[in-house]
Amino acid sequence: MRRAVLFLLLIAVPAVAPSIAQWRSDVGRRVAIVGDLATARDVVVVVPGSDVDVDRFDRTVGRMATNLYEQAHRDDLAVIAWLGYRTPQGLGVDAMTGSLARQGAAELADFVRALHTTARIHVFGHSYGSVVVSLAAHELDVQDIVFTGSPGVRAGSAAELGTPAKVWALRSTGDWMRFVPNVRLFDLGHGTDPASDGFGATVLRFEGGKHDTYYEPGTATLNALVRIASGEEL
């Protein structure tokens, strides 16, 4: 299985080099690609949630991207682990408000635009990363937007996201995020759960699992993510 993991100095992919170049001196951000972006028919951008930083990159979003790529068994797939914003640390005010998500959304939209690929692009947001993705959605020219373990997406419906992309939401019964109140008061809270009835997303529900197991090898959730990345109907 051919596999390439490129960190920060992504000189082999000039189409995204401007974005990467800006990150060379920024110790708080990192991007990695698993697979061959130049020949990919499908590209997935994985956006992580809270408690991810450069030191924890490999064992969090880096591992998520690798697991997705390896379970797909496709040489024409590329998966990008994208840590392009400062994530909330713990369950404090940053995790409950939208400030960091708004900053991340602007960076994510710029990054996706800079890809300049003819491949189908799919953006997957996990946990607080789903807030980032939702706020960027109206600027993303992508095939699919996928939320896993979302605390809410600051929109009352899929239509309010302002995207022509297909919107998906995955929820495991063992995910503690289901207990988070889906309310919003000014900037506190993230509002409607995209996995709720009436939101308008295509919802996939799974028995068991935990908040951090959506990308675990061999799971039904990871298999569903692979199929979405392949353009399959579920």
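Before reading further, recall that the structure is shown in the block above.
Residues numbered from 1 in each chain as written. Predicted model: local features only at pLDDT ≥ 70, side-chain atom pairs only at ≥ 80, totals over all residues. Heavy atoms only, no water.

Colleague: Could you give me a rundown of the pattern of salt bridges, with the residues and numbers involved?
Modeller: Oppositely charged side chains can form a pair if their charged atoms are brought close together. By the definition in use, this model includes 15 salt bridges. A salt bridge links Arg41 to Asp76; the nearest nitrogen and oxygen atoms lie 3.7 Å apart. In this pair, Arg41 is assigned in the loop between strand S2 (30-34) and strand S3 (42-47) and Asp76 in the loop between helix H2 (61-72) and strand S4 (77-83), connecting sequence segments 35 residues apart. When its relative accessible area of 54% is taken as the criterion, Arg41 is described as exposed. (Salt bridge = Lys/Arg side-chain N within 4 Å of Asp/Glu carboxyl O. Helix = DSSP H or I, 4+ residues; strand = E, 2+ residues; numbered from the N terminus. Buried < 20%, exposed > 50% of the residue type's maximum accessible area, 1.4 Å probe, protein only.)

Colleague: Go over the packing of aromatic side chains with me, naming the residues and quoting the values.
Modeller: Taken as a whole and judged by the stated rule, the model has three aromatic pairs. Aromatic side chains Trp82 and Tyr85 sit 6.3 Å apart centroid to centroid with 20 degrees between the ring planes, which places their arrangement in the stacked category. A relative accessible area of 0% places Trp82 in the buried class. Relative accessible area serves as the criterion here: at 3%, Tyr85 is assigned to the buried category. Measuring from ring centre to ring centre gives 6.4 Å for Tyr85 and Tyr128, while their planes differ by 20 degrees; the resulting arrangement is stacked. Taken together, the residues Tyr85 in the loop between S4 and helix H3 (93-96) and Tyr128 in helix H5 (residues 128-136) connect sequence positions 43 residues apart. Grouped by ring-pair contacts, the aromatic residues Trp82, Tyr85, Phe111 and Tyr128 constitute a single cluster. (Phe/Tyr/Trp six-rings, centres within 6.5 Å; stacked < 30°, edge-to-face > 60°.)

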